[in-house]
Amino acid sequence: MYSSGSIWQWVVGSVLLIVCGATLAQDNTWWNDEWDYRKEVLFDMSPSGAGTETDVDDAAVLLRLSSANFGYFGNTLETGDDLRFVAADDITPLSFYIEKYDSVNEIALIWVRVPKLAVSGQIQSIFMYYGNEDAVAASDPKSVFDASTRLVLDFSAAGAPADRTAYNNSPLSSTVAPLAEGLIAGAARFEGAGSEIVLPPSPGLAVESEGGFTTSFWLRMPDPAIGEAAVLSMRGVEGEDLIRLGIRGGFVFATFNQPESAIEAVAVTQPLVPNTWAHIAMTVGIDEIQLYVNGDVVARTNTIARTFEGNWVIGDQVGLFAGDIDQFMLFATEQSPARVRFAARNEAPFGTVSIYGDDARNEGAGGHPNYFATTMRNVTTDGWVVIVILAVMFVISVWVMWIKARLLSKISKANQRFMSQYQNLGADPMGLDRIANTAANASGDFDPSTLFPLYSAGAVEVRKRLDQRGAAVGAASAGFTGETIAAVRASIDAAVIRQRQKLNSLMVLLTIAISGGPFLGLLGTVVGVMITFAAIAESGDVNVNSIAPGIAAALVATVAGLAVAIPALFGYNYLGSKIKDIDANTQVFADEYLTRIAEHYS
């Protein structure tokens, strides 16, 4: 229904937005200083945008806001009551109606009444103001639709469908099933026999011979290629169909019962696609009936002006119509082709009319926006999960670096104290008693040392051998054999290994932070980008301002991953060098100590 080539239209619109929109934002004053922020919304009336040939006056424009094009839901009230819309002059307030506002899931559907959209202007704009904690709700659907609009059923409210216009032409009865997710917000699901909406008889809903008439709605059918199903009928007093608008074999048709004979308009192009929303419209003039599909005329026929009065019924009394309807509207005038096309292109999921521009902050209300805070507000739930995990890794890595740095410092100082006493032993390597009994060792000064455990291990082995020979500690030439020296070496080497393990304990946590942090951050970024593009597809708006907030927020996860890995990398290298120095000194001491034992006792 909407070709991929329209993406280029969005790109062109984005370029126009950057060139024109920023200038407009700078040149205009601030509407009301009680509001902290505003967002520019532009309308592309060019052939690639609205595609109309004439101006569109008093239009109800649908704005679709999401995290893809509006990254500041956190700056609005939870219900959107602080939203206000102002014309391009930044003076004239505009009527608006909030059909849906979900600040948690960051989705908003808002109708704004724009007085005039001129084709000659090409790109035109309005401003959306937000950010006022004291604001009260100003949403009013009755003021959004012009006097010619006699019925609007959007199916977004809970309960029975209700007319949104000031005429209050709410249905007399409804047996349709509500659908939570429609084209715009909610929709009505018709399930064949017994599913219908009956509208009240009203002069405002009659088809006048002089004034004309228009109906439009969005339609989705699982099987439009059925024989014939009436979607909308006007029933006379005897139950006959005076007007019948429906689908026959996948094509739109309309039948008007005239006194002499029935007049019928049947489309032969643009068949409806199964399970795809299509904009259907029918205009009735003084002498012509026109049928539209997605804003294009698909059928027309001449007619004789006649007044039709009766009950409008949405649904098929014979039960053949099964499908969904959204945004059902009736007008008491013949709407121009420009208005029909504008509505189709504006309300479509991938509408080409609205371009969402820059957000600005009132300079008098606090200066420039905090871009970091803005970015953090756009982080999605999955991004926060990754960031929390990385934060835990960061805390653990900092804790490891802190305790390892303190431990290595204590080990170095203890080793120096031990070596100062060991070097005073002279030729006797077994001054164990003298060292072991010193006040320094008794107070634990040698406890963190990696050298004292080696000395103690060697001393225990030497003392054991001396006791076996009945020789005194410190006796020279005790007759140790090569096997005895090897046994002492094994004991000292085992002590060396244990000290090495103590030095390298917990260092694996730093390696996990170094290697795992960036990958976790990349995972968060990839998922965030996926969600951003999914939100763009859902909202139907593709421009720089819709992509940038989501991508910026997604990159926060990568930044967090690098923030974990970089300090851990520096700390790991620094601690690793200290560990290597202590380990080398330990190994040197072990070799020197064993050599002195061999020389003294062999």
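A quick note: this is a predicted structure, and the numbers were derived from the prediction, not measured.

S.K.: Can you walk me through the overall build of the protein in this structure?
M.R.: Each helix and strand counted, the protein has ten helices and 23 strands in total. Expressed as a percentage of contacts within the protein between residues at least 6 apart in sequence, the contacts between residues at least 24 apart total 75%. Accessible surface for the protein amounts to roughly 26100 Å². Of this, 59% is attributable to carbon and sulfur atoms.

S.K.: Could you clarify how one ought to interpret the sheet that holds strand β23 (residues 354-361) in this entry?
M.R.: To summarise the sheet geometry, strands pair through backbone hydrogen bonds and adopt either a parallel or an antiparallel arrangement. Spatially, β4-β3-β7-β1-β23 is the arrangement adopted by the five strands of the open sheet, whose pairing is antiparallel. Looking at the sheet topology across the chains shown, the edges are occupied by β4 (93-94) and β23. As paired elements, strand β3 (residues 84-86) and strand β7 (residues 123-130) share three bridges and run antiparallel to each other. Looking at β7, one finds that F85 is bridged to M128.

S.K.: Where do I start with the environment of L555 in this structure?
M.R.: Inspection of the secondary structure assignment puts L555 in helix α10 (residues 544-601). Given the relative accessible area of 43%, L555 is considered partly exposed. Here the alpha-carbon distance between L555 and G521, two residues 34 residues apart in the chain, equals 8.1 Å.

S.K.: Looking at this structure, I do not really get empty space enclosed by the protein. What am I missing?
M.R.: Which parts of space are left empty comes out when a probe the size of a water molecule is rolled across the atoms. Tallied over the entire structure, the rule returns seven cavities of 30 Å³ or more. As for the largest cavity, its lining consists of 20 residues, of which M329, F331, Q335, R339 and A343 are closest to the centre. Counting residues per element, the lining of the largest cavity draws most heavily on helix α2 (residues 337-347), which supplies five residues. Its residues assigned to classes, the lining of the largest cavity shows eleven nonpolar, five polar and four charged. Taken together, 17 residues make up the lining of the second largest cavity; nearest its centre are N378, T380, G528, T532 and G550. Among the elements of the structure, α4 (381-422), α9 (507-539) and α10 are those that each provide at least two residues to the lining of the second largest cavity. The residue makeup of the lining of the second largest cavity, split by class, is nine nonpolar, eight polar and no charged.

S.K.: Where do I start with the packing of α4 against helix α8 (residues 482-504) in this structure?
M.R.: Packed helices, taken two at a time, are described by their axes: the angle between them and the distance between them. α8 packs onto α4 with a crossing angle of 140° between their chain directions and a minimal axis gap of 10 Å. Residue-level inspection shows K404, L408 and I411 of α4 in contact with α8, the latter providing K502, L503 and N504.

S.K.: Can you help me understand a negative patch on the surface in this one?
M.R.: Residues D33, E34, E133 and D134 make up a contiguous surface patch of negative charge. Along the chain, D33 turns up in the loop between α1 (6-27) and β1 (37-44).

Definitions and limits used
The numbers attached to residues start from 1 for each chain and follow its sequence in the written order. The model is predicted, so local features are restricted to residues of pLDDT at least 70 and side-chain atom pairs to those at 80 or more, both for listing and for counting; the totals for chains, interfaces and linings are taken over all residues. Note that the side-chain values use all heavy atoms of the structure and ignore hydrogens as well as water. Helix numbering and strand numbering both begin at the N terminus, where a helix is a DSSP run of H or I of at least 4 residues and a strand a DSSP run of E of at least 2. In what follows, a contact means two residues having at least one pair of non-hydrogen atoms within 4.5 Å. Calculation of accessible area relied on Shrake-Rupley with a 1.4 Å probe; when residues are assessed, cover is drawn exclusively from the protein chains displayed. When DSSP finds at least two bridges between two strands, those strands are taken to pair. Throughout, exposure labels follow a simple rule: accessible area from a 1.4 Å probe, protein chains only, divided by the maximum for the residue type, with under 20% read as buried, over 50% as exposed, and the rest as partly exposed. Points on a 1 Å grid, built from protein atoms alone, make a cavity when a 1.4 Å probe fits but cannot get out and make a pocket when they are open with protein on both sides within 12 Å along at least 5 of 7 lines; residues with an atom within 4 Å of a point are the lining residues. Grid points are joined across faces, edges and corners, and a volume is the space filled by probe spheres set on the points. Each residue gets one of three labels, nonpolar for Ala, Val, Leu, Ile, Met, Phe, Trp, Tyr, Cys and Pro, charged for Asp, Glu, Lys and Arg, and polar for the others, Gly among them. Whenever a helix is involved, its axis is fitted only over the stretch in contact; in every case the axis is a line through C-alpha atoms, and angles between N-to-C directions fall within 0 to 180 degrees. Exposure above 30% relative accessible area and the lack of any salt bridge qualify a residue for a patch; like charges then connect within 9 Å, and the nonpolar side chains Val, Leu, Ile, Met, Phe, Trp and Tyr within 5 Å. In what follows, salt bridge is the name for a side-chain nitrogen of Lys or Arg lying within 4 Å of a carboxyl oxygen of Asp or Glu. In summary, the charge assignment counts Lys and Arg as positive and Asp and Glu as negative, without counting His or the chain termini. Note that the charge is assigned to NZ on lysines, CZ on arginines, CG on aspartates and CD on glutamates.

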